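# Overview (structure and organization)
In case you want the letters, here they are:
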Amino acid sequence: MQDILKAVGKWLALVVVLVAVLLGAALGFMYTQVNVGDLPAYAVTFGGGELPQTGYQWKVPIASNWLARTLSEEGEAADLGEVTDSHPALELPAGTEGQLTIRDEAEEVVFEGTADEYADFSFGKNGSYSARLTVSPQTNELNPSTKMEGFCLYDFTFQLRAQPTLTLSHTSMVQGGVIGVKLTGVVGDATPTLSCELAPAVFTYHDNAWISYIPVDYNQFGGDYEITATVDGQTVSASVYIYGRENRELDTYTIDGSAAIPYMASIPSQLEDVMSICDPDIYWNGAFTQPVDGKVVRDYAVLEYTDRIDELTLSIYPELAVLNESIAPRRSVNVTMAVTPGKKVLAPAAGRVVYAGTTSGGGRTVVIEHGCGLKSILYLLGRIDVSEGEYVAQNDVLGTTQGHIICEMRLYDIPISPWEAWRGQGALMWQG
């Protein structure tokens, strides 16, 4: 009996050794069969161009979690050459995540974080940069069949040579209109300057770009005008053509030749200092609201003649035509409406009340700064319901009407037509 047990034991031992040898051979064969071709490869772009992969590190499981093979390689950094985008876009394949480190010429880290965090990063200056990017499956579950752990490596260098780009909302504009200006590709925090013969204007930073609005005066000479932006010694220009507004005439008749309806030709002395206010924020968002409904009795840019001899009289006494020729018109710089007393006057758009009081010739007056030097001015209110310094939202009640109301919009002290803003059209709705 003992001999039988010994024989069985030897046989079992032999079986165990055999199984171990076979298993070891199988695992060894599987281990040697893992190669670079089994590893993930990701198409990654930076600044619009595909990044060459310079290395990798992957842990490939062979048998469950207790046996794995690690494959790794690291090559030389790829030189991308010149990159002209001020913020080169980084795009990863779906289902992956990235870690990015960027260093400047002095090997100082200027950015370190995830690919998502890089979207909010801005370069401080042009120059030479080196970067290391690792791209891995999100939560290591991109390939559930192998459960590989690791990353693809992208080492690269580049010369950032960002060029600012100037874009205009319009290539031509009528007198009394507004031209939108957008400057992109600016590196660093230097504020660009804007120059043109049309009007002084400044840039404000909004939605990752420099934005400005240039008014065209109602009597601006027609022709081509150059708009130039300068930042960090770099200058870019674009041109716009200005053309004349169709002349419209209005005849009013009074005993003494004065205005038959209230008239505001210029800014009252009480508002002269207010006109220089230029908040750096853009408070408005989308179309403006017409402050109040009423009958337009004098429109923007209309040529008004007081007491010209009417056509019927001239047909009887044609010799009086010489008298009409001596009457000079006056140009309207605002919109005058006849309104029902007591109607609510609404804020055309969000902004800051920079004046709420009485002006000479304008009576009770409210001025709202909408940002960037754009203002709504409302004259001849019956009552004022807001205070100076107060921030208002669009359609907030500013006060009430009396018999007439004069509505005016100015940009950098230049009167512009409010109609496009009230209709949700034009450059004020444009931000590139």
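For the structure, see preceding data.
Report follows, based on the coordinates. All values reported here derive from a predicted model rather than from experimental measurement.

### A word on the side chain of His-370
As for its position among the elements, His-370 is in strand E26 (residues 363–371). Within the structure, the side chain of His-370 is placed 2.8 Å from the side chain of Ser-376, a separation counted as a polar contact. In this structure His-370 touches Asp-281, Ile-282, Tyr-283, Trp-284, Phe-288, Ala-349, Ala-350, Gly-351, Lys-375 and Ser-376, once residues within four positions along its chain are discounted.

### Comments concerning a nonpolar patch on the surface
A cluster of nonpolar residues, Leu-312, Ile-316 and Tyr-317, forms a patch on the protein surface that exposes about 350 Å² of accessible area. Positionally, Tyr-317 belongs in the loop between helix H3 (311–316) and helix H4 (321–325). The exposure class of Tyr-317 is partly exposed, given its relative accessible area of 43%.

### Focus on the sheet that holds strand E19 (residues 249–252)
Read across the sheet, 3 strands follow the order E19-E21-E22 without closing on themselves; strand pairing throughout is mixed. Among the strands making up the open sheet, the edge pair consists of E19 and strand E22 (330–331). Where E19 and strand E21 (residues 303–306) come together, 4 bridges link them in parallel fashion. Across the sheet, Glu-249 pairs through a bridge with Leu-303, a residue of E21.

### Description of the nonpolar core
Among the nonpolar cores identified, the biggest contains 62 residues, and Ile-179, Leu-183, Leu-198, Tyr-213, Ile-214, Ile-227 and Ile-405 are the most heavily contacted of them. With 5 residues, strand E29 (residues 397–411) is the largest single contributor of residues to this core. By size, the runner-up hydrophobic cluster in this structure holds 30 residues, among which are Phe-46, Ile-102, Cys-152 and Val-187.

Reading guide: rules and limits
The residue numbers shown here count from 1 along each chain, following its written sequence. Reporting of local features is limited, given that this is a predicted model, to residues whose pLDDT is at least 70; pairs of side-chain atoms are given and counted only at 80 or more, and all residues count toward the totals for whole chains, interfaces and linings. For the side-chain quantities, the full set of heavy atoms in the structure was used; hydrogens and water were omitted. Each helix is a run of H or I in the DSSP string that is no shorter than four residues. Each strand is a run of E no shorter than two, and both are numbered from the N terminus. Identification of polar contacts relies on pairs of N or O atoms within 3.5 Å, with a donor-acceptor requirement for protein atoms, meaning one able to donate a hydrogen and the other able to accept it, and with residues adjacent in sequence counted only if both atoms are side-chain atoms. Whether two residues are in contact is decided by their heavy atoms: any pair within 4.5 Å suffices. Like-charged residues within 9 Å of one another, or nonpolar side chains (Val, Leu, Ile, Met, Phe, Trp, Tyr) within 5 Å, are grouped into patches, provided each residue has over 30% relative accessible area and no salt bridge. Each accessible area is a Shrake-Rupley estimate made with a 1.4 Å probe; only the visible protein chains count as cover when residues are assessed. When a carboxyl oxygen of Asp or Glu is within 4 Å of a side-chain nitrogen of Lys or Arg, the pair counts as a salt bridge. Under the scheme applied here, a residue whose accessible area is under 20% of the maximum for its type counts as buried, over 50% as exposed, and between as partly exposed, the area being computed with a 1.4 Å probe on protein chains only. Strand pairing follows a simple DSSP-based rule, namely that at least 2 bridges must link the two strands. Here the nonpolar core consists of buried residues drawn from Ala, Val, Leu, Ile, Met, Phe, Trp, Tyr and Cys, with membership extended through side-chain atoms lying within 4.5 Å.

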